[in-house]
Amino acid sequence: MEYLSRSLKTMKDNKQFKFHPKYARVNLVQLGFADDLLLFCRGDMRSFKILHQHFQMFSAASSLIANPNKICIYFGSVSNLLQQQIMDILGYTKGELPFRYLGVPLRTKRLSVIQCEPLIERMLNMIQSWTTKFLSYAGRAVLVKKPKSASCVIQRIFKARSYFEDAGFTEEDVQKMEKYSVKQIYKAMHGEFSKMTWRKLVCNNQGLPKWIFILRLTIEQRLATKERLARWGIISEQTCSLCQRENETVHHLFFDCEISRDIWQHLLKWQGIQRTKKAWQEELTWLEQFGKGKSGGAAVCRMTIAAAVYHIWQEKNNVMFKKKRPTNAILRLIIQEMHVRATIFPRLD
């Protein structure tokens, strides 16, 4: 069979030979399993003769001759006249699709779970038959739990079964499935979890990725503020870098600090919102409600909080290494970047 495989591979260099339309991209001509062989080509006389010639060369070299009583030829979109001419040359009978191989129907469409059941049952019966003869009960139990010595296909079957069991599906549930859904299995294995109320501020935000990243760290209280660094034992001084008055925490930076409070109040007025600033958690709760929906105003609100948090955090870090910038310069930079970002989305432009 190795000789036949090498011979068939040379056909890709023959410009007169045409591959089967479904397998032309991968140059597939044959599929073999044990002593069974499938050969493919386009339904024209020239390609058929070239394929038949290579098979005859293999028969002459190996003395392996095809049995006409066990061979069928299958056609797809081939005229009746050409079918008859090819069968007259070969002397083989014409087969009809779909046909069964190892208990599984071979067809042009994807197989369903129910159609694969005969193959799975046959494989399991074969495993049980030879394990009964050569293994003890304890040995059979170990094989079922960890079939490391079984073939790759059998191991995958057992692995798939463990996934269904982890998801809480029984064999009856699997048999009732009309189609397999990865989403359904994932949700069953993942379980139910409460959704974060602030998720839409982050997930539905049209701002720059770096804005959204810092916003999420802020909401989750994971920013490396001076107060947090002091708890880790990295620094001792905790005074806010912007106002130099209180300890630097997330709640102070957003927006109890007089610098950040002034920036946020101006950004609210820029959006046309008349509102007094409150504590961070209360401000976050208000943003979750006001920034809900698909309207342009809600989208701009989500972008504004992300841009404000990012630039305030950036300014806090800049103060430690560079000269402090005026509040108007920071506001101008935020609004300019938001205008540029909004041009990408027609609804916001």
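Not measured: the values here are computed from a predicted model.

Rules used in this analysis
- Residues numbered from 1 in each chain as written.
- Predicted model: local features only at pLDDT ≥ 70, side-chain atom pairs only at ≥ 80, totals over all residues.
- Heavy atoms only, no water.
- Phe/Tyr/Trp six-rings, centres within 6.5 Å; stacked < 30°, edge-to-face > 60°.
- Buried < 20%, exposed > 50% of the residue type's maximum accessible area, 1.4 Å probe, protein only.
- Helix = DSSP H or I, 4+ residues; strand = E, 2+ residues; numbered from the N terminus.
- Salt bridge = Lys/Arg side-chain N within 4 Å of Asp/Glu carboxyl O.
- Polar contact = N/O pair within 3.5 Å; in protein donor to acceptor, adjacent residues only side chain to side chain.
- Contact = heavy atoms within 4.5 Å.

Asker: What am I meant to see in the packing of aromatic side chains here?
Answerer: The geometry of an aromatic ring pair is captured by the separation of the ring centres together with the interplanar angle, meaning the angle of the planes. Taken as a whole, this structure holds eight aromatic pairs when the rule is applied. A ring pair is formed by Phe-164 and Phe-169, whose centres lie 6.2 Å apart and whose planes are at 90°; its orientation type is edge-to-face. Comparing Phe-164 with Phe-169, the two get one shared label, buried. Taking 6.0 Å as the distance between ring centres and 65° as the angle between the ring planes, the aromatic pair formed by Phe-255 and Trp-280 counts as edge-to-face. Of this pair, Phe-255 sits in helix α12 (residues 250-256) while Trp-280 sits in helix α14 (residues 280-290), and the two are 25 residues apart along the sequence. You'll find Phe-255 and Trp-280 in the same group, each marked buried.

Asker: Quick question: what am I supposed to make of the pattern of salt bridges here?
Answerer: Any two side chains of opposite charge can pair, so long as their charged atoms come close to each other. One pass over the full model with this rule turns up nine salt bridges. Note that Arg-231 is salt-bridged to Glu-227, the shortest N-O span being 2.8 Å. Of this pair, Arg-231 and Glu-227 both sit in helix α11 (residues 226-231), four residues apart, which is roughly one turn of the helix. With relative accessibility at 56%, the residue Arg-231 sits in the exposed group. When its relative accessible area of 22% is taken as the criterion, Glu-227 is described as partly exposed. Measuring nitrogen to oxygen at the nearest pair gives 3.2 Å for the salt bridge that ties Glu-258 to Arg-245. Here the residue Glu-258 occupies a position in helix α13 (residues 258-270), and Arg-245 occupies one in the loop between α11 and α12, the gap between them amounting to 13 residues. Overall, Glu-258 belongs to the partly exposed group, its relative accessible area being 33%. Several salt bridges share partner residues, and in doing so they unite Arg-216, Glu-220 and Arg-222 into one network.

Asker: Could you clarify how one ought to interpret the side chain of Asn-205 in this entry?
Answerer: Within the secondary structure, Asn-205 sits in the loop between α9 (199-203) and α10 (209-219). When its relative accessible area of 8% is taken as the criterion, Asn-205 is described as buried. At 2.9 Å, the side chain of Asn-205 and the backbone oxygen of Leu-201 are in polar contact. Apart from the residues within four sequence positions on either side, Asn-205 is in contact with Lys-200, Ile-212, Leu-215, Arg-302, Met-303 and Ala-306.

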